[in-house]
Each structure stands twice: as C-alpha cells, then as structure tokens.
Amino acid sequence: CRAWCSFNGTGTPAILGSGNVSSITDQGTGKFRLNFATNFPDIHYACAVNGSEDGGSSYSNYGAGASVVFYRVNPAATVSNVSCETKENGSDNRDLANIQVCIFRWEK
C-alpha cells in the first residue's frame, strides 16, 4: 500500500488517519481529491475505496443503496493525486461520514 486515508467527507473533509496523503480537496458534494505527499513513480496503481454514512453504529438513511465509486477526474491517471466519488443508489452524490481509500502499486 503506497498511500491510504480514512476521512470524514461531511462538511469540510477531515483526515482521520493517513499515510502518504497530504490533504483532501473537496470538489463538491460527494467528490474528493486525495493529494499525495510523495508522488507515485507512474500511473500504474490500483485503488480500493469503501465508505459508510455514519460511524457504523446506526443504520444508514440511504439503506443498502449507498455506495462508493472510484474515478479519475481527467479521466487520465495522475502521479500526484487520486479522486473518489460517493453516491446514493449509484446516482445522486452524497457526502459520507466515513470514507477509506487505499492505493496500491507493486514494485519489483
């Protein structure tokens, strides 16, 4: 794992814990850009994204339809940041309270 971040995506995004993520840019409702502290050597990496509406202690108002989608803004990949988008039922963007992103790159 070359970078990871756990953050609160409601209001002003707040990093709860991270590695190699210097900041988060709020790009609108349910859209976030994670900026790397150290650039990747290339764009050949993979991302895993997960999220929930709340702290996990209560039922989500969005039900089973709340989901997290990974995307690249350009749509080209970049070595300095990666973006993710959170949606309700795959359509309407929603800010979620808990979002986790892991970025992996294999090295020989």
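Residues numbered from 1 in each chain as written. Predicted model: local features only at pLDDT ≥ 70, side-chain atom pairs only at ≥ 80, totals over all residues. Heavy atoms only, no water.

Draft legend 1. The overall build of the protein, seen in detail. Broken down by element type, the protein carries zero helices and nine strands. Taken from the N to the C terminus, the helices and strands of the protein come in the order β-β-β-β-β-β-β-β-β. The buried share among the 108 residues of the protein stands at 36%. Restricting the contact set of the protein to residue pairs at least 6 apart, pairs at least 24 apart contribute 58%. Here the protein displays about 5800 Å² of accessible surface, and carbon together with sulfur accounts for 49% of that area. (Helix = DSSP H or I, 4+ residues; strand = E, 2+ residues; numbered from the N terminus. Buried < 20%, exposed > 50% of the residue type's maximum accessible area, 1.4 Å probe, protein only. Contact = heavy atoms within 4.5 Å. Areas by Shrake-Rupley, 256 points an atom, 1.4 Å probe, with all protein chains shown as cover.)

Draft legend 2. Region of the structure containing the state of the cysteines. This model, assessed by the stated rule, comprises zero disulfides. Free of any disulfide, Cys1 has its nearest cysteine sulfur in Cys102, 4.6 Å distant. Cys84 provides the cysteine sulfur closest to Cys5, a residue in no disulfide bond, and the two sulfurs are 8.9 Å apart. Residue Cys5 is classed as buried on the basis of its relative accessible area of 1%. (Disulfide = S-S within 2.5 Å.)

Draft legend 3. Focus on the sheet that holds strand 2 (residues 14-19). Taken in spatial order, the four strands of this open sheet run 2-1-9-5, and their pairing is antiparallel. One side of each edge strand has no neighbouring strand; the edge strands of this open sheet are strand 2 and strand 5 (46-52). Each adjacent strand pair in this sheet contributes to an overall mean axis angle of 10°, direction not counted. Examined bridge by bridge, strand 1 (residues 3-8) and strand 2 share five bridges and lie antiparallel to one another. For Trp4, the partnering residue across the bridge sits in strand 2 and is Gly19. (Pairing = 2+ DSSP bridges. Axes fitted to C-alpha atoms, helices over the stretch in contact; angles between N-to-C directions.)

Draft legend 4. Quick peek at the environment of Asp92. For Asp92, the position within the fold is in strand 8 (residues 92-93). Separated by 63 residues in the primary sequence, Asp92 and Thr29 have C-alpha atoms spaced 9.2 Å apart. Discounting residues that sit within four places of it in the chain, Asp92 has contacts with Thr86 and Lys87.

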